[in-house]
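Below are the chains, spelled out letter by letter.
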Amino acid sequence: MCNGTDAVSLIHDDDDTYMWKFLETPAPLLQKCVIRGSWDEEEDTKPLELLGGDTSNLRYVNISVPSVRWKMGMFTQLKALSLSNAASDGLTIGHTLDFLRASPCLEYLDIGGVDIAPVGPPASPVITLPYLKSINLYCNSTAVTGSILRHIQMPSCNRFIVSVDMRGEIGHMAFIKETFNPFREILRELHVRNGGSKFSIHSRGFGWESFPILHRKYGFSVHITGTLDPLAICWVDQILQKESGLQVDFNLLRAAAVSQAALEALAPMQCVTGASIEGFTGTRKKSVSRIFRFLSSPLSSRCSLPSLPCLRELLISTTGWTAQELLDMVQFRSSAFPDTTTDRPKLAIKVWRGASTWSGSTSHIFNLATLTKLRSVEGVESLRFIGERRAYGYSLPKKPGIVVAGGLPSGNLSCVKLESVFIVQFGIQPK
């Protein structure tokens, strides 16, 4: 390999003989190495002796899939390290920490789908990475994820993405506290910087991420798969406290129900200002009603305030509920605040148009009388329908309005703020 080369990028093909020989050739001036390829578990490939063992000058390393012969002192002074879907062949947590300790100027760390053996020194000093801006971890075990996070400090981190699969494991909350507590201030600051975050609630775990995470250079995402521990909800509340902007997503696609203990932990959180109910319910219609009942329940027998007392936005994008249930909920929330309350939050409601019809039917949930009552509730700031405007296969006028099915309704339209009303009589096709 030419000694003057400062970067090389190779993509694996069916005949890797030449590539292997090329990558095992010393290149003392090479600074950037990107290796990507497909993986065949049955293929017997000898571990790659990267650059003939002389890798000390590499600054940017991105390895996906190839089997590499890992050894201590392999990487030093790295600025970016990315390992994904790579065979371990002896890669241990000890090697990983050695790479990090030898790279104090590291800026980007991305490890995902790598079979790292949780073997390392029994005691190791904390590694300070003052320039680390982005970390993305999805490892094969909680032991590996925990070992990496518990051994590093990254005061300049502005992109924190960690995913942990704890299915079949115990001690979820102990792991969360021990692993993530050192980064509480980073999570809180990124929540504020991004204008808020969302917390997904389902019985198989939880996800907490700033929004939007995918298209920004700064943000966070913490996903834990496994049984939802109510204490994890309390942990988020302790980090944010009264910081506003947390949105709670009740994801009905992921699980049939959320435990009562989880709902009780969620109820008093003042940082929650938004909520969404999403997912096609099918046979889980009781789940939607249960969430409506939760939102219309008092915090306790001694406190009349409703659950999620600072809630200001509600998005409904699932079927399996009735307009009367929604009306009952907002009426309770409006009356639950004492008359002396000066900062009573008003609820802005958005309903996805696909959720405003009965499941498997063209019959609309809303009628004029219910809409009028909902709009007149003191605690309702607005009620809007969002999404594509279609009824019976025909496009509707692209202005704010409602669809009233079944003919012309009776009632007074003067109190309903609408720009258009589109009336569909059953059996008559709109022109």
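Please refer to the structure placed before this passage.
This is a predicted model, so every value here is computed, not measured. (Residues numbered from 1 in each chain as written. Predicted model: local features only at pLDDT ≥ 70, side-chain atom pairs only at ≥ 80, totals over all residues. Heavy atoms only, no water.)

Novice: Got a sec to walk through helix H9 (residues 323-336)? Specific residues and values, please.
Specialist: The terminal C-alpha atoms of H9, which comprises 14 residues, lie 20 Å apart, in line with the 20 Å expected from a rise of 1.5 Å per residue. Within the span of H9, buried status applies to Ala323, Leu326, Leu327, Met329, Val330, Arg333, Ser334 and Ala336. (Helix = DSSP H or I, 4+ residues; strand = E, 2+ residues; numbered from the N terminus. Expected span 1.5 Å × (residues − 1). Buried < 20%, exposed > 50% of the residue type's maximum accessible area, 1.4 Å probe, protein only.)

Novice: How would you summarise the packing of helix H3 (residues 142-150) against helix H4 (residues 172-180) if you had to cite specific residues and measurements?
Specialist: How two helices pack is summed up by the angle between their axes together with the distance between the axes. The geometry of H3 relative to H4 is characterised by a closest axis approach of 9 Å and an angle of 30° between their N-to-C directions. With respect to H4, the axis of H3 lies roughly parallel. Here Thr142, Thr145, Gly146, Leu149 and Arg150 of H3 lie close against H4, whose contacting residues are Phe175, Glu178, Thr179 and Phe180. When grouped by side-chain class, the residues that make up the contact of H3 with H4 number 3 nonpolar, 4 polar and 2 charged. (Axes fitted to C-alpha atoms, helices over the stretch in contact; angles between N-to-C directions. Parallel < 35°, antiparallel > 145°, perpendicular 65-115°, else oblique. Contact = heavy atoms within 4.5 Å. Nonpolar A, V, L, I, M, F, W, Y, C, P; charged D, E, K, R; others polar.)

Novice: So, the packing of H9 against helix H10 (residues 368-376): which residues are in play, and what are the values?
Specialist: Between H9 and H10, whose axes approach to 10 Å, the crossing angle comes to 20°. Comparing the axis directions of H9 and H10 gives the class roughly parallel. Between H9 and H10 lies a crossing whose hand is left-handed. Taken together, the residues of H10 that come into contact with H9 (itself represented by Ala323, Leu326, Leu327 and Val330) are Thr370, Lys373 and Leu374. When the residues that make up the contact of H9 with H10 are grouped by side-chain class, the tally is 5 nonpolar, 1 polar and 1 charged. (Left-handed = near helix turned anticlockwise from the far one by under 90°.)

Novice: So what's going on with the packing of aromatic side chains? Which residues, and what values?
Specialist: Enumeration over the complete set of coordinates arrives at 11 aromatic pairs. Seen from their ring centres, Trp70 and Phe99 are 6.3 Å apart, and the 40° between their planes marks the pair as tilted. With Trp70 in the loop between strand E3 (60-64) and strand E4 (80-84) and Phe99 in helix H2 (residues 93-101), the pair connects residues that are 29 residues apart, well separated along the chain. Both rings, one in Phe175 and one in Phe180, keep their centres 6.2 Å apart while their planes meet at 85°; by these two values the pair is edge-to-face. Stacked on the ring of Tyr218, the Lys or Arg Arg193 has its end atom at 3.9 Å from the ring centre. (Phe/Tyr/Trp six-rings, centres within 6.5 Å; stacked < 30°, edge-to-face > 60°. Lys NZ or Arg CZ within 6 Å of the ring centre and 35° of its normal.)

Novice: How would you summarise the pairing of strand E9 (residues 159-165) if you had to cite specific residues and measurements?
Specialist: In terms of burial, E9 is largely enclosed, as 5 of its 7 residues are buried. As defined by bridge partners, strand E7 (residues 134-138) adjoins E9 across 4 bridges and the pair is classed as parallel. The residue of E9 that forms the bridge with Ile135 is Phe160. The pairing of E9 with strand E12 (residues 219-225) spans 7 bridges and is classified as parallel. Its bridge partner being in E12, Ser163 is matched across the sheet by His223. (Pairing = 2+ DSSP bridges.)

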